[in-house]
Amino acid sequence: TETKIQDASSLETVENLLSSAEQELNEIPTIAEEEAAFEEYQKTKKEELNQYKDPSLYFSEEQSTITSILSQASSQIDQAETRKAVDQIVSDTKVDLDQIQTREDIIEETKEKVELSSEIRFEETKETLDQLYSDTIHALDTVEENSELQSILVQFQEEKTSILEEEDRFLTEAKETVNQ
């Protein structure tokens, strides 16, 4: 602008250049305006974080964790001195919030664990029963005429059936408990 003023050919051109420069200076925000705009930015970013996750989708323990993370982020945003610092806090906080499992995630994970545990237990029980049955048949084969062993075999078959029915009831109850 200084060069343009020196090169100006008339007083009117100089006045126009000064007026234009004055207008540009008036458009530069004051420190108070900059501070107010930054405080509004901080407020907007805190609201963005507070709306990022729906607390109703979480169990109370996870809700407390979310509240704690948001409280800490709010304090950090209040202490931040630049928009870049605020943006980094918001980004980091969202990453932390994304790590928290929803109620649905926890229920699904628990269902999978219970089902896997039940299946493993059922298979182990079945293998044990099959081995016992096989051992009993072998013993009966060796002593075919022994009615006492035959009686034991019948009793064993009844107990095996009872255990398998009980195991089935356990699996059903476990699945119903998880689904509640």
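So, here's what we can say about the structure.

Rules of the game
Residues numbered from 1 in each chain as written. Predicted model: local features only at pLDDT ≥ 70, side-chain atom pairs only at ≥ 80, totals over all residues. Heavy atoms only, no water. Phe/Tyr/Trp six-rings, centres within 6.5 Å; stacked < 30°, edge-to-face > 60°. Lys NZ or Arg CZ within 6 Å of the ring centre and 35° of its normal. Patch = residues over 30% accessible without salt bridge, like charges linked within 9 Å, V, L, I, M, F, W, Y side chains within 5 Å. Areas by Shrake-Rupley, 256 points an atom, 1.4 Å probe, with all protein chains shown as cover. Salt bridge = Lys/Arg side-chain N within 4 Å of Asp/Glu carboxyl O. Lys, Arg positive; Asp, Glu negative; His and termini not counted. Charge placed at Lys NZ, Arg CZ, Asp CG, Glu CD. Helix = DSSP H or I, 4+ residues; strand = E, 2+ residues; numbered from the N terminus. Expected span 1.5 Å × (residues − 1). Buried < 20%, exposed > 50% of the residue type's maximum accessible area, 1.4 Å probe, protein only. Arc of directions from axis to C-beta. Contact = heavy atoms within 4.5 Å. Axes fitted to C-alpha atoms, helices over the stretch in contact; angles between N-to-C directions. Parallel < 35°, antiparallel > 145°, perpendicular 65-115°, else oblique. Nonpolar A, V, L, I, M, F, W, Y, C, P; charged D, E, K, R; others polar.

1. A word on the packing of aromatic side chains
Applying the stated rule across the entire model yields zero aromatic pairs. Lying across the ring of Tyr41, Arg83 places its NZ or CZ 4.3 Å from the centre. When the ring centre of Phe59 is taken as origin, the NZ or CZ atom of Arg103, which lies over that ring, is 5.1 Å away.

2. Some remarks on a negative patch on the surface
Among the surface-exposed residues, Glu104, Asp105, Glu108, Glu112, Glu115, Glu119, Glu123, Glu124 and Glu127 lie close enough to one another that they form a single negatively charged patch. Mapped onto the secondary structure, Glu119 falls in helix 6 (residues 103–142).

3. Quick notes on helix 5 (residues 83–98)
The terminal C-alpha atoms of helix 5 lie 22 Å apart, and with 16 residues this matches the ideal 22 Å at 1.5 Å per residue to within 8%. Within the span of helix 5, buried status applies to Val86, Ile89, Val90, Thr93 and Leu97. The buried side chains of helix 5 occupy one side of the element, clustering within an arc of 100° when seen end-on. In this structure, the buried residues of helix 5 make contact with helix 3 (31–50) and helix 4 (60–79).

4. Here's the deal with the packing of helix 3 against helix 5
Where helix 3 contacts helix 5, the axes come no closer than 11 Å and their chain directions differ by 5°. Judged by the inter-axis angle, helix 3 sits roughly parallel to helix 5. Taking contact as the criterion, the partners of Ala37, Phe38, Tyr41, Gln42, Lys45, Glu48 and Leu49 in helix 3 are, on helix 5, Arg83, Val86, Asp87, Val90, Thr93 and Lys94. Looking at the contact of helix 3 with helix 5 residue by residue, the classes come out as six nonpolar, two polar and five charged.

5. Some thoughts on the environment of Lys46
Relative to the elements of secondary structure, Lys46 occurs in helix 3. Measuring from C-alpha to C-alpha, the distance between Lys46 and Ser75 comes to 9.7 Å, with 29 residues separating the pair along the chain. Every residue in contact with Lys46, bar those within four places of it in the chain, is listed here: Ser74, Ile77 and Asp78.

6. Points about the environment of Glu62
Relative to the assigned elements, Glu62 resides in helix 4. Judged by its relative accessible area of 16%, Glu62 is buried. In this structure the C-alpha to C-alpha distance between Glu62 and Thr102, which are 40 residues apart in sequence, comes to 7.8 Å.

7. Notes on the pattern of salt bridges
Under the counting rule described, the total for this entry stands at four salt bridges. A salt bridge links Glu48 to Lys94, with the nearest nitrogen and oxygen atoms 2.6 Å apart. Residue Glu48 is located in helix 3, and its partner Lys94 is located in helix 5; the two are separated by 46 residues in the primary sequence. Judged by its relative accessible area of 21%, Lys94 is partly exposed. One salt-bridge network, in which partners are shared between bridges, spans Lys45, Glu48 and Lys94.

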